[in-house]
Amino acid sequence: MAWLLVIVAGILETGFAVCLKLSHGFTRLWPTVAFCVFALGSFGLLTLSLKKLDVGPAYAVWTGIGAAGTAIYGMVFLGDLVSVLKLVSISLVIVGVIGLQISGSAH
């Protein structure tokens, strides 16, 4: 259950990163509100998961999901540059997240 919280928190991290861009420096109301909601949800779920998980693997998985998710979202929906190197790098992040999740121990 704790790993599920980390995964959902990582997905919410993607949401807050995208909304941060869409807020244009917190000058647009609804993306700013969405940023706050996603950020609070993401940090809240990460905090709950850390009651059961080691901080290193949990944090790495959380940031990995957020980084990969944000990069993928940007390429698909925001017109970010797509390159073979970027896709390979995102794949390596995902493989690392899976490895850390497998290796992470619960207390």
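Everything here concerns the structure above.
Read on for a plain summary of the structure. (Residues numbered from 1 in each chain as written. Predicted model: local features only at pLDDT ≥ 70, side-chain atom pairs only at ≥ 80, totals over all residues. Heavy atoms only, no water.)

## What about the nonpolar core?
Across soluble globular proteins, nonpolar side chains show a tendency to be buried alongside one another. Rules: Joining through side-chain atoms within 4.5 Å is the link that ties buried Ala, Val, Leu, Ile, Met, Phe, Trp, Tyr and Cys residues into a set, and such a set is a nonpolar core. Buried residues are those whose accessible area, probed at 1.4 Å on protein chains only, stays under 20% of the maximum for their type, while exposed residues exceed 50% and partly exposed ones sit between those limits. A helix here means a DSSP run of H or I that spans at least four residues, while a strand means a run of E at least two residues long, and both kinds are numbered starting from the N terminus. Throughout, a contact is declared for two residues whenever any of their heavy atoms are within 4.5 Å.
With 15 residues, the main nonpolar core has Trp3, Val6, Phe16, Phe35, Leu53, Val61 and Trp62 as its most contacted residues. The set of elements that each furnish at least two residues to this core consists of helix H1 (2–22), helix H2 (29–49) and helix H3 (55–77). Top element by residues in this core is H1. It accounts for six residues. Non-local contacts of valine 6, meaning those with residues more than four positions away in its chain, are made with Ser49, Leu53, Ala58, Val61, Trp62 and Ile65.

## Side note on the packing of H1 against H3
Worth spelling out the cut-off: Helix axes use the C-alpha atoms of the stretch in contact, all axes being lines fitted to C-alpha atoms, and the angles between their N-to-C directions lie in the range 0 to 180 degrees. Should an angle fall under 35 degrees it is called roughly parallel, over 145 degrees roughly antiparallel, and 65 to 115 degrees roughly perpendicular, with every other angle called oblique. The hand of a helix crossing depends on one turn: near helix anticlockwise from the far one by less than a right angle means left-handed, and clockwise means right-handed. Asp, Glu, Lys and Arg are counted as charged, while Ala, Val, Leu, Ile, Met, Phe, Trp, Tyr, Cys and Pro are counted as nonpolar; the rest, among them Gly, fall into the polar class.
Put simply, H1 and H3 touch, their axes get as near as 8 Å, and they point 40 degrees apart. When the interaxial angle is binned, H1 and H3 end up oblique. The chirality of how H1 crosses H3 is right-handed. For the pair H1 and H3, the contacting residues are Trp3, Val6, Ile7, Ala9, Gly10, Ile11, Glu13, Thr14, Phe16, Ala17 and Val18 in the first and Pro57, Ala58, Val61, Trp62, Thr63, Ile65, Gly66, Gly69, Thr70 and Tyr73 in the second. Along the lines of polarity and charge, the residues of the contact of H1 with H3 split into 14 nonpolar, six polar and one charged.

## Some points on unusual backbone geometry
Its identity as a non-glycine residue notwithstanding, histidine 24 has a phi of 50 degrees, on the positive side. When you line up the elements, histidine 24 lands in the loop between H1 and H2. Located in the positive-phi region is phenylalanine 26, a residue other than glycine, with phi close to 60 degrees. By secondary structure assignment, the location of phenylalanine 26 is in the loop between H1 and H2. A relative accessible area of 47% places phenylalanine 26 in the partly exposed class.

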